[in-house]
Amino acid sequence: MKKLLLLIVVFQLSACAELQQVVNQLPNGMITNDQIGNGLKEALNNGITNQVSKLAVEDGFFKNELTRILLPEELQKVDNTLRKIGLSKLADEGLKVLNRAAEDAVGEATPIFVDAIKGMSFSDAKNILLGENNAATMYLQNTTSDALYQKFNPIIANSFQKVGADKIWSDLITKYNNIPLVNKVNPDLTNYVTEEALKGVFTMVAVEENDIRTKISSRTSDLLKKVFALQDK
């Protein structure tokens, strides 16, 4: 008990204390390096299973206030102008199909995330456990963003065609550009939606991570309870 109380004091006094030293002070059998690493991996896997998967269904982006893809600034004036001339229905559909394309791409994220999680070292786990409430999310973002972009971009381009976004936005932009005296637009919607889809994915991972870090009820296994008890203040 005295050792455990000492451990709590160490965490309270110095958030920068080396996790390995802390582990060494624990009573024998209480927790191991492998358990810490596996606990962090489980937390990230839960983020994918419980949160990211929600984005890969119809309306996963569109009806989620945290991730809904809005129009880029350049197209907001297009949207406003078209609504003023009675084309609100077309404008609504244009916004929806951007989100549909993102929903179509997110299913491809899981294998990339799984590879990144498998490659996590104990050093990574240590830094994540002692880090901010989004440290695990930032780990994934730093290790997967490039691969996810390369994967998402062509899928979203194809999705535009599949869900009809290319035709809808071609019509929208053509109608807008034909209005006298407006500054013509020609946005790169594929790139924009790809970047917004990535933001949405990491937003949802962060939701799960924050829940696990701050709510004991979200630690749904003995391993999660054991590992994340180390970062509780």
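In this report, the structure presented in the accompanying data block is examined. The shown structure was predicted, so the numbers you read here are calculated from the model rather than taken from an experiment.

Remarks on the nonpolar core
The nonpolar side chains of soluble globular proteins are, as a tendency, buried together. Core analysis: the biggest nonpolar cluster contains 62 residues, and Leu-40, Phe-113, Leu-140, Phe-152 and Trp-169 have the highest contact counts within it. Counting residues per element, this core draws most heavily on helix α10 (residues 189-214), which supplies 10 residues. Not counting residues up to four positions away in its chain, the partners in contact with Phe-113 are Ile-48, Val-52, Leu-140, Thr-144, Leu-148, Val-201 and Phe-202.

Digging into the pattern of salt bridges
Counted according to the given criterion, the structure contains 10 salt bridges. Arg-100 serves as the salt-bridge partner of Glu-58, at 3.7 Å between the closest nitrogen and oxygen. Of this pair, Glu-58 sits in the loop between α3 (33-55) and α4 (73-84) while Arg-100 sits in helix α5 (residues 88-106), placing them 42 residues apart in sequence. The exposure class of Glu-58 is exposed, given its relative accessible area of 62%. The salt bridge involving Asp-211 is made with Lys-215; its shortest N-O contact spans 3.4 Å. Here the salt bridges do not stand alone but share partners, grouping Glu-58, Asp-59, Lys-63, Arg-100 and Glu-103 into one network.

Topic: empty space enclosed by the protein
For the coordinates displayed, the defined rule picks out one cavity of 30 Å³ or more. Here the largest cavity defines a volume of roughly 50 Å³. What lines the largest cavity is Leu-40, Ala-43, Leu-44, Gly-47, Ile-128, Ala-136, Val-205, Glu-209, Arg-213 and Phe-228. Elements that contribute at least two residues to the lining of the largest cavity include exactly α3 and α10. Per element, the largest residue contribution to the lining of the largest cavity is four residues, and it comes from α3. Tallied by class, the residues present in the lining of the largest cavity amount to seven nonpolar, one polar and two charged.

A word on the side chain of Thr-67
Structurally, the position occupied by Thr-67 is in the loop between α3 and α4. Here Thr-67 falls in the buried class, since its relative accessible area comes to 4%. Those residues in contact with Thr-67, other than ones at most four positions away along the chain, are Leu-55, Gly-60, Phe-61, Gly-200, Thr-203 and Met-204.

Rules and cut-offs
- Residues numbered from 1 in each chain as written.
- Predicted model: local features only at pLDDT ≥ 70, side-chain atom pairs only at ≥ 80, totals over all residues.
- Heavy atoms only, no water.
- Core = buried A, V, L, I, M, F, W, Y, C linked by side-chain atoms within 4.5 Å.
- Buried < 20%, exposed > 50% of the residue type's maximum accessible area, 1.4 Å probe, protein only.
- Helix = DSSP H or I, 4+ residues; strand = E, 2+ residues; numbered from the N terminus.
- Contact = heavy atoms within 4.5 Å.
- Salt bridge = Lys/Arg side-chain N within 4 Å of Asp/Glu carboxyl O.
- 1 Å grid on protein atoms, 1.4 Å probe; cavity = no way out; pocket = protein on both sides within 12 Å on 5 of 7 lines; lining within 4 Å.
- Points joined across faces, edges and corners; volume = space filled by probe spheres on them.
- Nonpolar A, V, L, I, M, F, W, Y, C, P; charged D, E, K, R; others polar.

Remember, this is a structural readout, not a statement about activity or role.
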